[in-house]
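# Summary of the model geometry
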Amino acid sequence: MGKRNRSRAMVLARKRRGGAPAKPAAGAKDGGDAGAIPNKITFDDDDDDDDDDDDGDGDVREVPPPPPPRAPDEKIVLPRTSAPWFSRTLSARSTTHFEEYYRRQNILADEREWSAFLAHLRAPLPVTFRMSIMASHRAGVEEALREGKRLLTPGAENPRPRTDDGRVVPPPRRLDWCDGWQLGVDKMTLKYSRDATLRETQRWLVKHNSTGVLTRQAVDSMVPAAILGVEPHHAVLDLCASPGSKTTQCLEALHAGGETGGGGAPAGCVAANDIDPRRCYFLVRRCAALGAATQALMVTNHHAQWFPNGNVPLTTVAGGTTPGRGRDAIAKAIAKAKANGAPGSAPLAPFATREDGGRYPEGSFDRIICDVPCSGDGTLRKNPQIWSEWRPEFAMGLHALQLRIAQRGVALLKVGGYMVYSTCSFNPVENEAVVAELLRRCGDAIELVDASDRVKGLRRREGMTTWKVITTVDDEILEHASYEDCQRDASLGVGLRRAFRPSMWPPVASGVTRLGVRVRGPPLRRCVRLVPQDGDMGGFFAALIRKVKPLRGPSPTSEGVSTAMKAPGASAIVPRAMAIGGLVGGVPRPPLEHRYVPAPEEVLDALTREWGGGGGGDAMREMCACLFTRSTSCRRVTYLSPGIKKMCVDAIGAERLKCVWSGVRVWEKRDDVRGGGGGGGGGGGGGAFPYRLTKEGAVVLARHAGDARRLLMPARDVKQLLRDLGADVPLKAFTPAVANAARAMTPGSVLCELKKVGGGSDDACPPLAVELTPEGTLRVEWRYRKGLEGAPKAAAAAILRKLDANSRDGGY
Ligand SMILES: C[S@@+](CC[C@H](N)C(=O)[O-])C[C@H]1O[C@@H](n2cnc3c(N)ncnc32)[C@H](O)[C@@H]1O
């Protein structure tokens, strides 16, 4: 026991017999103020489609029975995953820190549950996926389900497949609450199986994944978006978004009802944020696979805890306005923003004032996902190295950051809006403790909502109402009775003492005190806990929060600076960026280089002339209001849907947004065109218009362009174009009407659309961007960003399949 004072800390000798002490983890990745505590942030990158594994002896997933008693020297072999660089064996004789900690936390009711829990954690995770709910994928989904019927809903005529070691694979399970499926087999077994049915299932998954008809995603990770209930008119913010499984889920939900907003785009939008610029670009790549749906998306790069509130003018500073800009500037900014239809109905005052009841301005978002960085022990089935690396201090090091991000989330929410706070951790210090403190700090502004009826069919557990604060020191487990106790305990290192927060301990439970006073604890049972044995998934935690009032503001002091701003943690409510627009730490703020600015007038005029001909003038002018660029030479013209434009450009605080990427690139300058922006039709590129239409741009432009540059094609001609991507097809190869219409056009981009003549499905073929060359040929020229080079072929093949299916069904 050494010299430590054990009066306030209960010490448990480690029960290890053998087994090396746990390795200290890597240092903190970002702002968790954990002192000397090691931080371990796990990113639940649940891209189950990362087929980078190269080992072949598949592990078999079955719902594991409780483990039998083990021989003394027996090893537990953990599932093979796509990260094979760590040891996959555990000694059956030693109890890990992880097990000891959670047994003490009583996260499960009894020994039977505990055995099932461990057995599942040590078994591989079954493959799960969800079908797209985007309106434009409806027919594709129907086709995929028709094609996969035999694989997904086996009957007596289809014998169940077997794994290579002879075990019968359980049948797939439908997950109605998320339009998903869970297969009876894990990723590695599926990928390397010799069974014909399993091989066909793998091919089916890869084929439909490549066209966005289905997305592979862990079941637990689908929960936040499912309980948020995103609708096409919602403004959604994903505060910690990369790698983007929940972002893409929200973006798909936004496009579920087809095109319902201004200009044909959904009225809502999705803002996806991440602290790490590289992970932001990963997010961009992943979302780009959704094609034109990104018209309503922006990707930003902020610390989530300081994400700017678009409802607060740029010029505000604590206690007043930025020196040199003053109230006039604010008034002007507000007037401009109002004229542009700035988001939110909040009072625009920078601070809580007497007029608005002493409350802060509300945020601009209807739905927020706060999937915070966490210790990630719920992902043990995908990341078995956590068994040996795990320490309770990982959670402690993240608690304060998680709370700040959640608090910022509440500030950014509209009144009436919902936020999900989630982690892929079992740890109550990262889960219920954060939610309890959030409820305490936000007072009457928020309420915790019971989300069970939003995910019917999902087996879940209630949130915990009590737990312990435990650390490990030199392989010993210490249980800390209270914050005050551990601050007085000189035997604990200074770093460790600093890492504690009073909010880590459970709140007072509901009941009657000895003095007869009735107290009400927070209703933490309403939180959602997922454990692996319920539904054969990973571990997850989610809490649904509803904002019912604006946050209460600080009480003003004589200096005009709020006392709340001086309080610890206050930066989560009052943006640190309050000084933006003037001096930051005495240094002038650098100009922002991430803004989307309206495309130059001459470019817009030229685009309207080129594409508005044939009755599209008005619609083109409407589209021009949403066309932006980021370069002075206007190399690219990007369309931002009215919903995302409100956030990204028109909002009175939009200048603060570090926007990495937004919208759909509709045109890009031809490489052989030099100099100025527009220049009208003709000129450059062998007489072609200086801007080339992009693949996704065609989908957006088709809603606005006139008929002058449209070619309405029968299916035969469309197939002709798509069979040989990138090849020049002479006009004489097309039906005479199409060839003649093309000959009447000047060279450059044209919009080719499928002429529907029968009962074929509506989304068999989207509008295509096709190049009409000066030599009189048509060429499909789809350019893809790095990492998606294989996508054009897959997209073309998918369209060809749909066209063939329609011909069989008597359409076209
Ligand atoms: C658990 S992962 C998010 C997973 C993601 N929601 C998904 O479903 O694909 C946490 C993410 O938060 C990011 N992150 C960590 N600290 C952050 C902070 N302070 N602000 C914003 N993002 C942060 C990490 O870069 C990481 O991508």
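The annotation that UniProt attaches to the protein under Sequence similarities (unreviewed entry) is "Belongs to the class I-like SAM-binding methyltransferase superfamily. RsmB/NOP family."

## Considerations on helix α12 (residues 432-442)
Most of α12 is tucked away: nine of the eleven residues are buried. Of the positions making up α12, those classed as buried are Glu-432, Ala-433, Val-434, Val-435, Ala-436, Glu-437, Leu-438, Leu-439 and Cys-442. Contacts from the buried residues of α12 go to α11 (392-412), β14 (413-423), β15 (446-449), β21 (528-530) and β22 (540-547). With its phi angle positive at about 55°, Gly-443 sits one or two positions after the end of α12.

## Observations regarding the state of the cysteines
Defined simply, a disulfide is a covalent bond joining two cysteines at their sulfur atoms. Evaluation of the coordinates by the stated rule reveals zero disulfides. Left without a disulfide partner, Cys-269 is nearest to the cysteine sulfur of Cys-648, which lies 9.2 Å away. The buried category is assigned to Cys-269, whose relative accessible area is 2%. Residue Cys-624 stays outside any disulfide, its sulfur separated by 9.4 Å from that of Cys-626, the closest cysteine. Among the residues examined, Cys-624 registers a relative accessible area of 10% and is labelled buried.

## Quick look at the packing of helix α16 (residues 601-612) against helix α17 (residues 617-624)
Contact geometry of α16 with α17 gives a least axis separation of 9 Å together with a crossing angle of 145°. Judged by the sense of rotation from one axis to the other, the crossing of α16 with α17 is right-handed. When α16 is examined against α17, the residues Leu-604, Leu-607, Thr-608, Trp-611 and Gly-612 are found in contact with a partner set consisting of Gly-617, Met-620, Arg-621 and Cys-624. Residue composition of the contact of α16 with α17, by class: five nonpolar, three polar and one charged.

## Remarks on the domain arrangement of the protein
Once the domains are mapped, the protein shows domain 1 (131-216), domain 2 (221-311 + 355-463 + 520-547), domain 3 (593-671 + 689-706) and domain 4 (709-811). The interface is formed by 20 residues belonging to domain 3 together with 19 residues belonging to domain 4. In this assembly, domain 3 packs against domain 4 so that about 1,500 Å² is buried in total across both faces, 50% of it on carbon and sulfur atoms. Across the pair Arg-670 and Glu-771 runs a salt bridge whose closest N-O atoms are separated by 2.7 Å. Taken together, domain 3 and domain 4 are joined by six residue pairs in polar contact (both at pLDDT 80 or more). Of all the elements in the fold, those that place two or more residues in the side of domain 3 that touches domain 4 are α16, β29 (664-669), β30 (691-693) and α19 (695-701). Among the residues forming the side of domain 3 that touches domain 4, the class breakdown is ten nonpolar, two polar and eight charged.

## Things to note about the site of the ligand
As a structural note, the neighbourhood of the ligand is formed by 24 residues, with Lys-246, Asp-274, Arg-279, Ala-304 and Asp-371 the closest of them. Between the ligand and Gly-244, the relevant distance is 3.0 Å, taken from an oxygen atom to a main-chain nitrogen or oxygen of the residue. Those elements giving two or more residues to the shell around the ligand turn out to be α7 (245-254) and α11. Of the residues in the shell around the ligand, the class split is eleven nonpolar, seven polar and six charged.

## Details of the sheet that holds strand β35 (residues 777-780)
Spatial ordering of the open sheet is given by β31-β33-β34-β35-β32, a layout of five strands whose pairing is mixed. One side of each edge strand has no neighbouring strand; the edge strands of this open sheet are β31 (710-713) and β32 (729-730). Of the pairings in the sheet, the one linking β32 to β35 comprises two bridges and is antiparallel in character. Note on β35: the bridge partner recorded for Pro-730 is Thr-777. Running over the sheet, helix α20 (residues 715-723) touches β31, β32, β33 (748-754), β34 (768-772) and β35 and is turned about 110° from β31. Sitting on the sheet, helix α21 (residues 736-743) is in contact with β31 and β34, with an inclination near 175° to β31.

Definitions and limits used
Residues numbered from 1 in each chain as written. Predicted model: local features only at pLDDT ≥ 70, side-chain atom pairs only at ≥ 80, totals over all residues. Heavy atoms only, no water. UniProt positions renumbered as here; feature names shortened; annotations may be inferred. Buried < 20%, exposed > 50% of the residue type's maximum accessible area, 1.4 Å probe, protein only. Helix = DSSP H or I, 4+ residues; strand = E, 2+ residues; numbered from the N terminus. Contact = heavy atoms within 4.5 Å. Disulfide = S-S within 2.5 Å. Axes fitted to C-alpha atoms, helices over the stretch in contact; angles between N-to-C directions. Left-handed = near helix turned anticlockwise from the far one by under 90°. Nonpolar A, V, L, I, M, F, W, Y, C, P; charged D, E, K, R; others polar. Domains from an automatic or database assignment. Buried area = accessible area lost by both parts, 1.4 Å probe. Salt bridge = Lys/Arg side-chain N within 4 Å of Asp/Glu carboxyl O. Polar contact = N/O pair within 3.5 Å; in protein donor to acceptor, adjacent residues only side chain to side chain. Near = heavy atom within 4 Å. Pairing = 2+ DSSP bridges.

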